[in-house]
Amino acid sequence: MFAHHLRTAWTSVRRSPVLSILIVAAIAVGIGVSITGLTIYHMLARDPIPQKSDQLFRVQLDSWDPDSPFFEGGDEPSGPPFWLTYQDAMALLESDIPKAHAANYRSAAVLESDNPSVAPDVYGIRATTRGFFSMFEVPFRYGAAWDAAADQDGAPVVVIGEKINDELFGGEDSTGRTVRLGDDEFRVAGVLEHWSPHPRFYDLNMTTFGDPEQLFVPMRAATDREWAINGNTSCWKPESLVTFRDFLGSECVWVLFWAELPDSASREAYMTYLNGYVDQQKAAGRFPRPMDNRLRSVEEWLEHRQVVSDDSRVVVALAFLFLIVCLLNAVGLMLAKFAGTAPSAAIRRALGASRGDIVRQYLTEVGAIGIAGGLAGLALAATGLWSLRQGFEDLANVARLDLSMGFTAIGLAFLAALAAGLYPAWRVGRAVPVRFLKSQ
Amino acid sequence: MLEMQHIGKVYRTELVETHALRDFSLRVNEGDFVAVTGPSGSGKTTFLNIAGLLETFGDGTYRLDGEDVSGLSDKQRSRIRNQKIGFIFQSFNLIPDLDVADNVELPLRYRRLDRGERKARAERALELVGLASRTRHLPSQLSGGQQQRVAIARALAGEPRLILADEPTGNLDSLMARQVLDLLEEINARGTTVIMVTHDPDLSRRAHRNVHVLDGRVTDFKPYDPVPGGLAAGAGA
């Protein structure tokens, strides 16, 4: 029977092509707009490291100004600073409570290689500690992270991304080879596979959805070379900051710190450790504000940094309201289309079709129309997202359809079409057949 | 086969109330060939629609094939229509987008018969009406008489107990009308009860019984008397 319904649907579409195209278009426009909005929201709101996002914690200590709370991008105080001082970060690295931890900051340096076809250029560098790679499950194609000694002595080693490895070394195993960063040769310790968490949760400064750096060096190697901070630096205390060493010893906050705490026991122990550390520092005359140490999971951190803004939610709501408007138009068009086929439905009723048979027949047609609308809507959404990528650089990694959104679009269009077609189909099913049988 | 007792049917609009049938009583036996005559607006078609369970009625009772159908649900009425009744309409009422075979198979689809059974029955019915060679034609590619024969084949394919024909020759020329009547007689001869609404006295003369309807009532119900003006008294309900 379903095959017959499908054939009847196809015949009906061919009999009234203009109305059918208008219905498909109404659904497609609604789906296109709503899926565009939903895709952005979906990408903004997605968990960048779902397998362990509840075990990774951004560490915050309130070492800020006693006279004024820390503010960052709003009228309300932001709680403890988003970053740590260098001295606090180095101190926390001594703890063995976390399964892994990493201090890090973004810097930049000129990269040169032996490859004459690649011109020297300035590249962003993530200066960090080796725990970064295991904690964030960064995949390696060749080699591995540097060893613990490199963290201690700031050895000139580097982990490079696949893109740079392709450019400089033609994608070969380049471990053991060297690249020049700034004035020094750095030995390649490892080459990454493609790795691009979105949102870029580990550092939301500058870009929320940008790609990770292609160069990673030990933090000590960067600070020894006094590589500048290419991220946020916030200072509150009047201090003499003449040398880089002065800066490292200052109350300026600029180091990002993450810790992997797999269970509640380790979280409690680490919080106790942090409180003890701050008490110690208070005794030494630092941390003048009331104690306010925080451990925020990835999800909490993204929420705290308002990666998904209220505006995004409003955009999604408006997109779905627009879909409803489109569906109301589709209802009107379906009523007109189905009114033209009521005589055929009356004949079917006379021949023994129940109202349910008739409703199912029409719903098969609207379902097919819905899927066509969904496919057309997907094409519109892809076009809309492409336009957004051209207009907004930060959306380059976000405004992309993935498989789940593709299925969502088709499913949504199918259900939306069924919802829109239910009343017109029900009306035809309810029509008294004898009204049409005489006038055929 | 069919027994109506004191059936009443009223059509109401905001301004007008029309009594299409009043105290309408009729009994048709199995194997009868009954012609229903009467002037336009007398209630013939309303009777046929109610008999075919296409319309509900207000007062009275209606038994079809021994079953009281007065209070049945739409689904139950659809099932009975599909299994026991075959319709033949004045305007053929074929579905224009379906070819001859598909039109004939249509009631069998709603009976959920399998493809093989449907095809076999449709072929038999089309053979009976002489259109076995036109199975892939669309209705628009057939003459009026052929379309009506397809409609008859469609009615027959379900092997109904009762055929209801509403002016089956109204849109046909006299030659084709005669052929259609021949078919109906043949169907009736095989044991199927036929009730035919007609204006045409020549057609009604070929039925076993004539029912005359006026103002929504049966005014005459007689076996056909071949002597003009000499209709013998019949068994009214």
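Everything below is about the structure shown above.
In this text, all values refer to a predicted model and were calculated from it rather than measured experimentally. Residue indices follow the written sequence of each chain, beginning from 1 at its first position. All chains are assigned letters beginning with A, and all ligands numbers beginning with 1, in the order in which they are written. In keeping with the predicted nature of the model, local features appear solely for residues at pLDDT of at least 70, side-chain atom pairs appear and are counted solely at 80 or more, and the whole-chain, interface and lining totals rest on all residues. The side-chain figures draw on all heavy atoms in the structure; neither hydrogens nor water molecules are used.

S.K.: Would you explain the overall build of chain B in this entry?
M.R.: By the criteria applied, helices consist of DSSP H or I runs no shorter than four residues and strands consist of E runs no shorter than two, each listed in order from the N terminus. If you tally the helices and strands in chain B, you get seven helices and 10 strands. Throughout this description, buried means an accessible area under 20% of the type-specific maximum (1.4 Å probe, protein chains only), exposed means over 50%, and partly exposed covers the range between. With 237 residues in all, chain B has 53% of them scored as buried. Working note: accessible area of chain B is about 10,300 Å², and carbon and sulfur atoms make up 46% of it. Using a 1.4 Å probe, the Shrake-Rupley method yields the accessible areas, and only the shown protein chains count as cover for residues.

S.K.: Explain the interface of chain A and chain B to me, please; I cannot follow it from the model alone.
M.R.: Buried accessible area, meaning the area lost when the parts come together, often serves as the stated size of an interface. Only heavy atoms enter the contact rule, under which two residues are in contact if any of them lie within 4.5 Å. Chain A puts 24 residues into the contact, and the matching count from chain B is 28 residues. Note on chain A versus chain B: buried area summed over both sides is about 2,300 Å², and carbon and sulfur give 56% of it. Whenever Lys or Arg places a side-chain nitrogen within 4 Å of a carboxyl oxygen from Asp or Glu, that contact is recorded as a salt bridge. Where chain A packs against chain B, one counts five salt bridges. Between B:Arg112 and A:Asp357 there is a salt bridge, with its nearest N and O atoms 2.8 Å apart. In protein, a polar contact requires one atom able to donate a hydrogen and another able to accept it; more generally it is a pair of N or O atoms within 3.5 Å, and residues adjacent in sequence count only if both atoms are side-chain atoms. Where chain A touches chain B, the interface holds nine residue pairs in polar contact (both at pLDDT 80 or more). When contributions to the side of chain A that touches chain B are tallied by element, the ones reaching two or more residues are α1 (2-15), α12 (342-350), α13 (355-391) and α15 (434-437) of chain A. Accessible area, probed at 1.4 Å, shrinks when two parts are joined; the buried area is that loss added up over both.

S.K.: It is not clear to me how the state of the cysteines should be interpreted in this structure. Could you clarify?
M.R.: A covalent bond bridging the sulfur atoms of two cysteines is what the word disulfide describes. Residue and element names in this part refer to chain A. The disulfide criterion is simple: two cysteine sulfur atoms within 2.5 Å. Inspection of the entire model under this criterion finds one disulfide over all chains. One disulfide bridge connects Cys235 with Cys252, the sulfur atoms lying 1.9 Å from each other. What sets the handedness of the Cys235 and Cys252 disulfide is the S-S torsion sign, and at about 115 degrees it is right-handed. With a gap of 17 residues between them, Cys235 in the loop between α7 (219-224) and α8 (244-248) and Cys252 in the loop between α8 and β10 (253-260) connect regions that are remote in the sequence. We classify Cys235 as partly exposed; its relative accessible area is 40%.

S.K.: Whenever I open this one, the packing of α1(A) against α13(A) confuses me. Can you help?
M.R.: Any two packed helices are characterised by how steeply their axes cross, that is the angle between the axes, and by the distance between the axes. Residues and elements named next belong to chain A. For helices, the fitted line uses only the C-alpha atoms of the stretch in contact; every axis is such a line through C-alpha atoms, and the angle between N-to-C directions lies from 0 to 180 degrees. Contact geometry of α1 with α13 gives a least axis separation of 9 Å together with a crossing angle of 60 degrees. Viewed along their axes, α1 and α13 adopt a mutual orientation that is oblique. Where α1 crosses over α13, the handedness of that crossing is right-handed. Two secondary-structure elements touch here, α1 through Phe2, His5, Leu6, Thr8, Ala9, Ser12 and Val13 and α13 through Asp357, Arg360, Gln361, Thr364, Glu365 and Ile369. Polar here means any residue outside two lists: the nonpolar Ala, Val, Leu, Ile, Met, Phe, Trp, Tyr, Cys and Pro, and the charged Asp, Glu, Lys and Arg; Gly therefore counts as polar. For the contact of α1 with α13, the per-class residue count stands at five nonpolar, five polar and three charged. The labels follow the angle: roughly parallel below 35 degrees, roughly antiparallel above 145, roughly perpendicular from 65 to 115, and oblique for the rest. Helix crossings are classified by the rotation of the near helix relative to the far one: an anticlockwise turn of less than a right angle makes the crossing left-handed, while a clockwise turn makes it right-handed.

S.K.: Can you walk me through the pairing of strand β6 (residues 157-160) of chain A in this structure?
M.R.: Side-chain direction in a regular strand flips from residue to residue, so the side chains alternate between the two faces of the sheet. Residue and element names in this part refer to chain A. Side chains of β6 alternate between two faces, with Val157 and Val159 and Val158 and Ile160 buried alike. Taken together, the four bridges between β6 and strand β8 (residues 184-192) define a ladder with parallel strand orientation. By the bridge assignment for β8, Val158 is matched with Val188. One bridge is not enough; two strands pair if DSSP finds at least two bridges between them.

S.K.: Help me out: how do you make sense of helix α6 (residues 162-169) of chain A in this one?
M.R.: One full turn of an α-helix is made of 3.6 residues, so residues set three or four places apart face in the same direction. Residues of α6(A) that are buried: A:Glu162, A:Ile164, A:Asn165, A:Leu168 and A:Phe169. One face of α6(A) carries all of its buried residues, which in axial projection span an arc of 160 degrees. Read the arc as the range of directions from the helix axis to the C-beta atoms.

S.K.: Which parts of the structure should I look at to understand the layout of surface pockets?
M.R.: Unfilled space is identified by rolling a water-sized probe across the atoms. All names here are of chain A. A pocket here means an open set of points on a 1 Å grid, computed over the protein atoms alone, that has protein on both sides within 12 Å along at least five of seven lines. A cavity is instead a set of points where a 1.4 Å probe fits but cannot get out; residues with an atom within 4 Å of a point line either one. Grid points are joined across faces, edges and corners, and a volume is the space filled by probe spheres set on the points. In this model, the largest pocket occupies a volume close to 500 Å³. Along the wall of the largest pocket there are 20 residues; nearest its centre are Leu93, His101, Thr129, Asp151 and Gln152. For the lining of the largest pocket, the secondary structure elements donating two or more residues are α3 (86-92), β3 (100-112), α4 (131-135), α5 (148-153) and α7. A class-by-class count of the residues in the lining of the largest pocket yields nine nonpolar, six polar and five charged. As a volume, the second largest pocket reaches approximately 360 Å³. Along the walls of the second largest pocket sit 18 residues, with Lys163, Asp211, Pro212, Glu213 and Gln214 positioned nearest its centre. Looking at the lining of the second largest pocket, the elements with two or more residues in it are β4 (121-128) and α6. Here the lining of the second largest pocket is built from residues that sort into five nonpolar, six polar and seven charged.

S.K.: Please clarify how the pattern of salt bridges should be interpreted in this entry.
M.R.: A side chain with one charge may pair with a side chain of the opposite charge, provided their charged atoms come close. Enumeration according to the criterion identifies 42 salt bridges over all chains in this entry. With a shortest N-O distance of 2.9 Å, A:Arg15 and B:Asp97 are connected by a salt bridge. Of the two residues, A:Arg15 sits in helix α1 while B:Asp97 sits in the loop between β6 (85-88) and α3 (100-110), which places them in two different chains. Among the salt bridges present, the one from B:Glu55 reaches B:Lys9, with a minimum N-O distance of 3.8 Å. Remark: B:Lys9 occurs in strand β1 (residues 2-12) and B:Glu55 occurs in the loop between α1 (44-51) and β4 (59-64); sequence separation between them is 46 residues. Each member of the pair, B:Glu55 as well as B:Lys9, carries the same accessibility label: buried. Because the salt bridges share partners, they merge into one network encompassing A:Arg106, A:Arg126, A:Arg200, A:Asp203 and A:Glu213.

S.K.: What is the right way to read the sheet that holds strand β5 (residues 67-68) of chain B from this model?
M.R.: Hydrogen bonding along the main chain pairs the strands of a sheet, whether they run parallel or antiparallel. All names here are of chain B. Sheet architecture is open: four strands sit in the order β2-β1-β4-β5, paired in antiparallel fashion. Each of the sheet's edge strands pairs with one partner strand only, and the pair in question is β2 (17-28) and β5. Here eight bridges tie β1 to β2, and the two strands are oriented antiparallel to one another. Paired with Leu2 across the two strands is Val28, which belongs to β2. Against the sheet, α1 contacts β1, β2 and β4, and its axis sits at roughly 120 degrees relative to β1.

S.K.: Looking at this structure, how should I read the packing of aromatic side chains?
M.R.: In this description, an aromatic ring pair is defined by two values, namely the gap between the centres and the angle between the planes. Aromatic rings from Phe, Tyr and Trp, with only the six-membered ring used for Trp, were paired whenever their centres fell within 6.5 Å, and each pair was classed as stacked if the ring planes differed by under 30 degrees, edge-to-face if by over 60, and tilted otherwise. Under the criterion given, the structure shown has 31 aromatic pairs over all chains. Ring centres of A:Phe132 and A:Trp195 lie 6.0 Å apart, and the angle between their planes is 85 degrees; on these two criteria the pair is classed as edge-to-face. Of this pair, A:Phe132 sits in helix α4 while A:Trp195 sits in the loop between β8 and β9 (215-218), and the two are 63 residues apart along the sequence. Looking at A:Phe132, the relative accessible area reads 0%, which means it is buried. Ring geometry for B:Phe87 versus B:Phe89: centroids 5.6 Å apart, planes at 5 degrees, classification stacked. Judged by its relative accessible area of 6%, B:Phe89 falls in the buried class. Put simply, the rings of A:Phe132, A:Phe133, A:Phe136, A:Phe140, A:Trp146, A:Trp195, A:Phe201, A:Tyr202, A:Phe216 and A:Trp258 pair up and form one aromatic cluster.

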